[in-house]
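Residues per chain, in single letters:
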Amino acid sequence: LGVFTIDYRSECVSAWKALLAEKKVPSSENYKLHLTMGDPVELQNWRVMKLPNDDFSADNAIIVTKSTRYPLCIDPEGQANNWIKNLEAKNKLKVLKQTDSTFAKEIPLCVQF
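Presented here is an overview of the structure given in this document. Residue indices begin from 1 for each chain and proceed along its sequence in written order. Reporting in this predicted model follows two pLDDT cut-offs: at least 70 for local features of residues, and 80 or more for side-chain atom pairs to be given and counted; totals over whole chains, interfaces and linings ignore these cut-offs and use all residues. For side-chain calculations, the full set of non-hydrogen atoms in the structure is used, while hydrogens and water are omitted.

**Considerations on unusual backbone geometry**
At step 1: Here Lys50, not a glycine, exhibits a phi torsion of approximately 80°, which is positive.
At step 2: Under the scheme used here, helices are H or I runs from DSSP no shorter than 4 residues and strands are E runs no shorter than 2 residues, and both carry numbers assigned from the N terminus. You can see Lys50 is positioned in the loop between helix H3 (40–48) and helix H4 (55–66).
At step 3: Only protein chains enter the accessibility calculation, which uses a 1.4 Å probe. A residue is then buried if its area is under 20% of the maximum for its type, exposed if over 50%, and partly exposed in between. Taking relative accessible area as the criterion, Lys50 reaches 57% and is therefore assigned exposed.
At step 4: Even without glycine at this site, Lys92 takes up a positive phi of about 60°.
At step 5: As for its position among the elements, Lys92 is in the loop between helix H5 (79–87) and helix H6 (103–112).

**Description of the environment of Leu87**
At step 1: The topology assignment puts Leu87 in helix H5.
At step 2: In this structure, Leu87 is in contact with Trp46, Met49 and Thr65, ignoring residues within four places of it in sequence. By definition in these notes, contact holds between two residues if any of their heavy atoms fall within 4.5 Å.

The following block contains the structure:
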């Protein structure tokens, strides 16, 4: 669901709930990904790290942290960018741009250490 809009995600969940009801499979009435796969303490810590306080952002954060692939974040407002910087600060995240004068020197150092 990660690449889809909030509206399309809602449609998918509604269709899945209807299918579950049709097949008589027990399920929650109000399914939310972050409530199923997320830890409430971790979600609260993410909000302290500037993750927006809405279900869509929480679901996206779960997808980003639980994914086995590197996620592509389309982030016009910079909210995910700020959250990831705060989240990875403890791991000494280094942010570089190709236009930085020290870019060529910094890349090997970042990979090495």
